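Reading the structure
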Amino acid sequence: MKNYPNVVIFEHPLIRHKIAHLRDEKTSTKEFRELIEEITTLMTYEVLREGVPTAVKTVKTPLETCEQTVVADNAIAIVPILRAGLGMVSGIHTLFPAARVGHIGMYRDEETLEPKEYYCKLPDGIEDKLVLLVDPMLATGGSACDAIALLKKRGCKNIKFMAIIGAPEGVSKVAETYPDVNVYVSTLDRQLNENGYILPGLGDAGDRLFGTK
Ligand code: PRP
Ligand code: URA
């Protein structure tokens, strides 16, 4: 895959360790949910290194008063792509409990692999926030691109997309379609199979998260 200036692939040893457990078909629904949450928190630490709206606050220490940079109030919105993106929300809330949450419902048509939107509810004022769009799986990139298009239509200008596992096809599609969107992927897998599943991947993230199969 090409190098894209708007893409960060983590390949961090600690995250890789957790992803190994996540992939394992023997991992229970409970453990799967916990791992998605932990990996998301680890990712968020790096994702927020740049582009976070900040404010200056005056703090009085026991010795003197100083000016400190803090994350601005109400600056971050989390937008999971349903269903599997829901599993990532708590991992960000651990760090920013007050972050507002919007929801975009999409499922892939099993034949065409085209995403179908079935739900959208976004917080008021989202256009002025840093939007963390989350979905553990970035396969063809269709769902992520449609979700980004929807956010842009609502006026969002500061969008970061976070996925845990990416396929080269999907990463390239999002990076090239939206060069102004930062894309963060924990690990880059080999390829898609003929049914649009990521290899080696972890199977269907929604089913594993919610125990539906
Ligand atoms: C999965 C996943 C992404 C999408 C990725 O959702 O959570 O949203 O597929 O595939 P793409 O990059 O090819 O669009 P799915 O459509 O299976 O819906 P679900 O979460 O409701 O199971
Ligand atoms: N969606 C998933 O849940 N898994 C894949 O491998 C591809 C799309």
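Since this is a predicted model, take the numbers as computed values, not measurements.

Now for the site of ligand 2. In the vicinity of ligand 2, the residues found are Arg-108, Met-137, Ala-139, Gly-196, Tyr-197, Ile-198, Gly-203, Asp-204 and Ala-205. A distance of 2.8 Å separates a nitrogen atom of ligand 2 from a polar atom in the backbone of Gly-203. Within the complex, the protein chains bury 88% of what would otherwise be the 240 Å² of accessible surface of ligand 2. Given that more than half its atoms are within 2 Å of the pocket grid, ligand 2 belongs to the largest pocket. Partitioned by chemical class, the residues of the shell around ligand 2 number 5 nonpolar, 2 polar and 2 charged.

This brings us to the side chain of Ser-172. Locating Ser-172 in the fold gives a position in helix α5 (residues 168–177). In this structure the side chain of Ser-172 is engaged in a polar contact, spanning 3.2 Å, whose partner is the side chain of Tyr-4. Here Ser-172 is in contact with Met-1 and Tyr-4, once residues within four sequence places are set aside.

Bringing the side chain of Asp-135 into the picture now. Position of Asp-135 among the secondary structure elements: in the loop between β8 (130–134) and β9 (137–138). Look at Asp-135: it is buried, it has no salt bridge, and the nearest opposite charge is Arg-108 at 8.8 Å. Excluding residues that lie within four positions of it along the chain, Asp-135 makes contacts with Ile-81, Ala-84, Gly-85, Met-88, Phe-161, Met-162, Ala-163 and Ile-164.

Glancing now at the state of the cysteines. Using the criterion set out here, one finds 0 disulfides in the structure. Here Cys-120 is not cross-linked by a disulfide; its sulfur's nearest cysteine counterpart is in Cys-156, at 9.5 Å.

A separate point is the pattern of salt bridges. If you walk through the whole model with that rule in mind, you get 9 salt bridges. The partner of Lys-18 in a salt bridge is Glu-38, and the shortest N-O contact between them spans 2.7 Å. Of the two residues, Lys-18 sits in helix α1 (residues 13–23) while Glu-38 sits in helix α2 (residues 29–47), which places them 20 residues apart along the sequence. A residue is classified by how much of its surface remains accessible, and Lys-18, at 18% relative accessible area, is buried. For Glu-38, a relative accessible area of 35% puts it in the partly exposed group.

As a further point, take the site of ligand 1. Neighbouring ligand 1 are 16 residues; Arg-83, Arg-108, Asp-135, Thr-140 and Ser-143 lie closest to it. Between Ser-143 and ligand 1, the recorded distance is 2.6 Å, taken from a side-chain N or O atom to an oxygen atom. Taken by itself ligand 1 offers 500 Å² of open surface, and the protein chains cover 90% of this. Structurally, ligand 1 is housed in the largest pocket. Put simply, the parts of the chain that give the shell around ligand 1 at least two residues each are β4 (76–82), β6 (103–108), β9 and α4 (142–153). When residues in the shell around ligand 1 are grouped by element, the largest group, 3 residues, is from β6. Looking at the shell around ligand 1, its residues break down into 8 nonpolar, 4 polar and 4 charged.

Before going further, it helps to spend a moment on the packing of aromatic side chains. By the definition in use, this model includes 2 aromatic pairs. Measuring from ring centre to ring centre gives 6.3 Å for Phe-10 and Tyr-184, while their planes differ by 20°; the resulting arrangement is stacked. Taken as a pair, Phe-10 in the loop between β1 (7–9) and α1 and Tyr-184 in strand β11 (residues 182–188) lie far apart in primary sequence, 174 residues in all. Aromatic side chains Tyr-107 and Tyr-118 sit 6.1 Å apart centroid to centroid with 35° between the ring planes, which places their arrangement in the tilted category. With Tyr-107 in strand β6 and Tyr-118 in strand β7 (residues 115–121), this pair connects stretches of sequence that are 11 residues apart. Note on Tyr-107: relative accessible area 46%, which makes it partly exposed. With relative accessibility at 44%, the residue Tyr-118 sits in the partly exposed group. The ring of Tyr-197 has Arg-108 lying over it, and the distance from NZ or CZ to the ring centre is 5.7 Å.

Taken as a whole, the largest pocket holds about 720 Å³ of empty space. For the lining of the largest pocket, the secondary-structure elements that each account for two or more residues are β4, β6, β9, α4 and α6 (205–210).

Rules and cut-offs
Residues numbered from 1 in each chain as written. Chains lettered and ligands numbered in written order. Predicted model: local features only at pLDDT ≥ 70, side-chain atom pairs only at ≥ 80, totals over all residues. Heavy atoms only, no water. Near = heavy atom within 4 Å. Polar contact = N/O pair within 3.5 Å; in protein donor to acceptor, adjacent residues only side chain to side chain. Areas by Shrake-Rupley, 256 points an atom, 1.4 Å probe, with all protein chains shown as cover. 1 Å grid on protein atoms, 1.4 Å probe; cavity = no way out; pocket = protein on both sides within 12 Å on 5 of 7 lines; lining within 4 Å. Sits in = over half its atoms within 2 Å of the grid points. Nonpolar A, V, L, I, M, F, W, Y, C, P; charged D, E, K, R; others polar. Helix = DSSP H or I, 4+ residues; strand = E, 2+ residues; numbered from the N terminus. Contact = heavy atoms within 4.5 Å. Buried < 20%, exposed > 50% of the residue type's maximum accessible area, 1.4 Å probe, protein only. Lys, Arg positive; Asp, Glu negative; His and termini not counted. Salt bridge = Lys/Arg side-chain N within 4 Å of Asp/Glu carboxyl O. Disulfide = S-S within 2.5 Å. Phe/Tyr/Trp six-rings, centres within 6.5 Å; stacked < 30°, edge-to-face > 60°. Lys NZ or Arg CZ within 6 Å of the ring centre and 35° of its normal. Points joined across faces, edges and corners; volume = space filled by probe spheres on them.

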